[in-house]
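One-letter residues, chain by chain:
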Amino acid sequence: LHDAVSDAAKEHEDVNYVIIDDVIKDQKNVESVLFADNEGAYLAGIAAAMQSKTNKVGFIGGQTSDTITRFEAGFTAGAKSVKPDIDVQVQYAESFSDAAKGTTIASTMYASGVDVIYQAAGGTGTGVFTAAKEVNEKLDADSDKKVWVIGVDRDQYDLDPDHVLTSAVKRVGKAIQIVTEKVMNGENLGGTTQEFTTADGCVGIAPTSDKNVPADILEKTAAIEEKIISGEIV
């Protein structure tokens, strides 16, 4: 929507625009909003590493971009913060709409021993859920070889309650609320860029994490989240 918003804003200078996950520079009526996706991904990486029994976790991205590589970097850093020697496998599908490719990549990762995959791949990511279900259906009910998926952007627990470990959420609605309130209070935000973070309450892990994430892991991620908010961890 970058070009569409830019063009519309030029035609309607009396209207304020906000664009999410992109930056439009030097237009006085456009506010650009970014998120510290790396912070939520860092927490997801901690959960993945602590949950993993194979010491192998995976990241599947959609199209390579600054936004998606932030997810990858945060996830990798989080995983290695608790297990420095963990194997973090990374692959990009170069598509946000190819579910079949997502299934293929995830199936290969699971077959290689990865037991937790964090996907930031839009529609392609739905294929990761399919792969996890297929793998787990072949296991005995009491098997310790269960594999997991970590959701992205919103709480994706509802997509597959049995196989979603947690989700790294991005609260776009909260960010829009903050921006709108600032404008209503008379602030002129046009032409600037804001990045919303864990401290703003706009980035974190999903509230349903307590469904499948063990208590000790939740305690660890909560403690680290406080350190991110305080600035102790950057």
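Now for a quick tour of the structure.

Parameters at a glance
- Residues numbered from 1 in each chain as written.
- Predicted model: local features only at pLDDT ≥ 70, side-chain atom pairs only at ≥ 80, totals over all residues.
- Heavy atoms only, no water.
- Pairing = 2+ DSSP bridges.
- Helix = DSSP H or I, 4+ residues; strand = E, 2+ residues; numbered from the N terminus.
- Axes fitted to C-alpha atoms, helices over the stretch in contact; angles between N-to-C directions.
- Contact = heavy atoms within 4.5 Å.
- Expected span 1.5 Å × (residues − 1).
- Buried < 20%, exposed > 50% of the residue type's maximum accessible area, 1.4 Å probe, protein only.
- Phe/Tyr/Trp six-rings, centres within 6.5 Å; stacked < 30°, edge-to-face > 60°.

1. With respect to the sheet that holds strand S4 (residues 87-92)
Okay, so step 1: Taken together, six strands build an open sheet; the order of strands is S4-S3-S5-S6-S7-S9 and the sheet is mixed. Of all the strands in the sheet, just S4 and strand S9 (203-205) have a single pairing partner and so form its edges. When strand polarity is set aside, the average angle formed by the axes of neighbouring strands in this sheet is 15 degrees.
Okay, so step 2: In this structure, strand S3 (residues 56-61) lies alongside S4, joined through six bridges in parallel fashion. Along S4, the bridge assignment pairs Phe59 with Val90.
Okay, so step 3: Of the strands in this sheet, S3, S4, strand S5 (116-120) and strand S6 (148-153) are in contact with helix H4 (residues 99-111), which crosses S3 at around 165 degrees.

2. Concerning helix H3 (residues 66-82)
Okay, so step 1: Here H3 contains 17 residues, and its C-alpha end-to-end distance of 25 Å stays within 8% of the 24 Å for a straight helix at 1.5 Å per residue.
Okay, so step 2: When H3 is considered as a whole, its buried residues turn out to be Thr67, Ile68, Arg70, Phe71, Gly74, Phe75, Thr76, Gly78 and Ala79.

3. Structural notes on the packing of aromatic side chains
Okay, so step 1: Here the structure, examined in full by the defined rule, presents six aromatic pairs.
Okay, so step 2: Seen in terms of ring centroids, Phe59 and Phe75 are 6.4 Å apart; in terms of plane orientation they differ by 35 degrees. Their pairing is tilted. On the criterion of sequence distance, the pair formed by Phe59 in strand S3 and Phe75 in helix H3 is long-range, its members being 16 residues apart.
Okay, so step 3: A centroid spacing of 6.3 Å and a plane angle of 65 degrees characterise the contact between Phe71 and Tyr118, whose relative ring orientation is edge-to-face. Taken together, the residues Phe71 in helix H3 and Tyr118 in strand S5 connect sequence positions 47 residues apart. Each of the two residues, Phe71 as well as Tyr118, counts as buried.

By themselves these figures say nothing about function.
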